[in-house]
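Notes for the structure review
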Amino acid sequence: MSVIAEPAARPVTGAPRPVPQVLTHDVAGPRTSKRWVEWIVTTDHKKIGIMYLVTTFVFFMLGGVEALLMRIQLAEPSNTLLSGERYNELLTLHGTTMVFLFVVPVMAGFGNYFVPLMIGARDMAFPRLNALSYWLLLAGGIVFYATLFYHPPEAGWWSYPPLSSIQYSPSGGQDAWIFLIHLTGISSLLGAINFYATIVNMRAPGMTWGRLPLFIWAILVYAVLLIIALPVVAAAVTMLLTDRHFGTHWFDPTAHGSPILWQHLFWFFGHPEVYIMVLPGFGIISEVIPVFSRKPIFGYKAIAASTVVIAFLATLVWAHHMFASPVPVVVLGFFMLSSFLIGVPTGVKIFNWISTLWRGSIVMSTALYYAVGMIAIFTVGGITGIFLAVFPVDWQLNDTYFVVAHFHYTIFGGAIFPVLAGVYYWFPKMTGRLLNERLGKVSFWVVFIGFNATFLVQHALGLSGMPRRIYTYQPGLGWSTYNLISTIGAFILAVGILMTIVNVAMNYKTGPLAGPDPWKGNTLEWFVPSPPPVNNFDEIPRVRSVEPMRDIRRQIERTTGVRQKTGGSERFARA
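Quick look at the structure, then. (Residues numbered from 1 in each chain as written. Predicted model: local features only at pLDDT ≥ 70, side-chain atom pairs only at ≥ 80, totals over all residues. Heavy atoms only, no water.)

Let's talk about unusual backbone geometry
A cis geometry characterises the amide bond from Pro161 onward to Pro162, with omega recorded as 5°. A cis amide bond, omega -10°, links Ser530 with the succeeding residue Pro531. You can see Pro531 is positioned in the loop between helix H15 (480–507) and helix H16 (548–560). With phi around 70°, His256 is a residue other than glycine that occupies positive phi space. You can see His256 is positioned in the loop between helix H6 (214–245) and helix H7 (259–293). In this structure, Asn536 takes a positive phi of about 65° despite not being glycine. (Helix = DSSP H or I, 4+ residues; strand = E, 2+ residues; numbered from the N terminus.)

Put into structure tokens, the structure is as follows:
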């Protein structure tokens, strides 16, 4: 509705001047479509980001239920809850869901929502392409989970031939897995191109590469790694599809094919995929810690450079997963050294995060709890990764539960803990409401204790010889106590995750009002209202440093004389 003042009529000479009349013109008609239709046809990056987050969390809960069923099966020896076939199906569903339908796309959800806001753009570079990437992800998940109604795949989330060949996996479930990889791969590739184009071309005035937020650096490298790795796995699953149905023999050793070729192609994608999953998590942690330490990030340039170095080294170490193949000793040494080297830039990040916390004015928020918990968990995963990088050790431990424990410490610590930190940190911006901090902190401790109870003992299981990918075991092997502890821990972990979901559901519409900047953050998303308007920015501010919101507050102080508080500290206990 616009209001325009107009004179009533031209005055007669000498007559009193008429009072202007206020005329109103209707510039926005009544709503013509239902709200759910607006979500379906939207190209607004914020709505697409929310749809990504909600959808991926639904898949996360499905994957968690599958994990709990597997843990119940392994809680005691000779359990008959699940047959071997059903266990393999659950294993495939769980691993594929967590990797392809949760961890990678949930990072795209945060990226979709916050990349334009943090760089001062009004939307993504290609809004319609952005919407298409979401719907392809949803289509892939539906195709994959439709197999529950006939025969789910059972060759594992890695689908090694010949187990995934038509002879050993004749059902359509394995084909659905291939189509899932194609659909989610195209979705991620389109999203990665969109992120790259947006970050390179649409930054606010003054936002040079040296002033880019660290989360944006992480999303940029995430996008580049996806562009490099996804075509390789797309080629691999296409070759597998033609082997299954069109008479080719890429992976059939009886017809001069090679199953090792699949391992090369899959892990050339699969090992960078680990860092595709954790690098955006590192970016979230790099935003959370300085805000709640009330200090600038320690070593901004070192953290940004280490992100790029990790991505480079991640593309060199895929053969680490192929220790059994006949490779010369020199090549083994090269891959072992590369695996060692990748710990150096990761260590740089960890030391810089700790240095940022050191002597900071700490605000004990739930987001900071999860950020610090991530440092602890991921460090354990990194140390066990160094063990597995030594090939003689890897030969003994690779097919044991030690690797299961290492992988979950890396992925849960490097991705899930940051995701939960991001939920508590950015929820006020997305909804305009605050989550319950007390419930959030309780949920953190339940998640932290449950996670360590689940996976710490699995290191001991692996060292005592329990193979991974088995659905039952005989009594008297010394594994039953560890497996029981692991199963109890899994249920404690599930309760912690459920508490966060309840927290979100309770406060989505009724939580305390947050205002535009409840934490006194450092980056541009806190410049706009909560939730942001459709166009994001009425006026895009000029960026003068890596912490533009601090500059804006100083300018307000100079202009108005009103001191801007450091923010939020009165709401929380200080350490």
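From this point, the discussion proceeds with the structure in view.
Concerning the layout of surface pockets
Approximately 870 Å³ is the volume attributed to the second largest pocket. What lines the second largest pocket is a set of 30 residues, among which Ile50, Val54, Met430, Thr431 and Tyr508 lie closest to the centre. Secondary structure elements with two or more residues in the lining of the second largest pocket: helix H1 (35–41), helix H2 (45–74), helix H3 (84–119), helix H13 (401–431) and H15. Ranked by residue count, the leading element in the lining of the second largest pocket is H2, at eight residues. Its residues assigned to classes, the lining of the second largest pocket shows 22 nonpolar, two polar and six charged. (1 Å grid on protein atoms, 1.4 Å probe; cavity = no way out; pocket = protein on both sides within 12 Å on 5 of 7 lines; lining within 4 Å. Points joined across faces, edges and corners; volume = space filled by probe spheres on them. Nonpolar A, V, L, I, M, F, W, Y, C, P; charged D, E, K, R; others polar.)

Section: the pattern of salt bridges
Tallying each qualifying case throughout the model produces eight salt bridges. With a closest N to O distance of 2.9 Å, Asp175 and Arg244 form a salt bridge. Placement of the pair is Asp175 in helix H5 (residues 172–201) and Arg244 in helix H6, with a sequence separation of 69 residues. Between Asp517 and Arg553 there is a salt bridge whose closest N-O contact spans 2.7 Å. Pair noted here: Asp517 is in the loop between H15 and H16 and Arg553 is in helix H16, with a separation of 36 residues, a long-range link. (Salt bridge = Lys/Arg side-chain N within 4 Å of Asp/Glu carboxyl O.)

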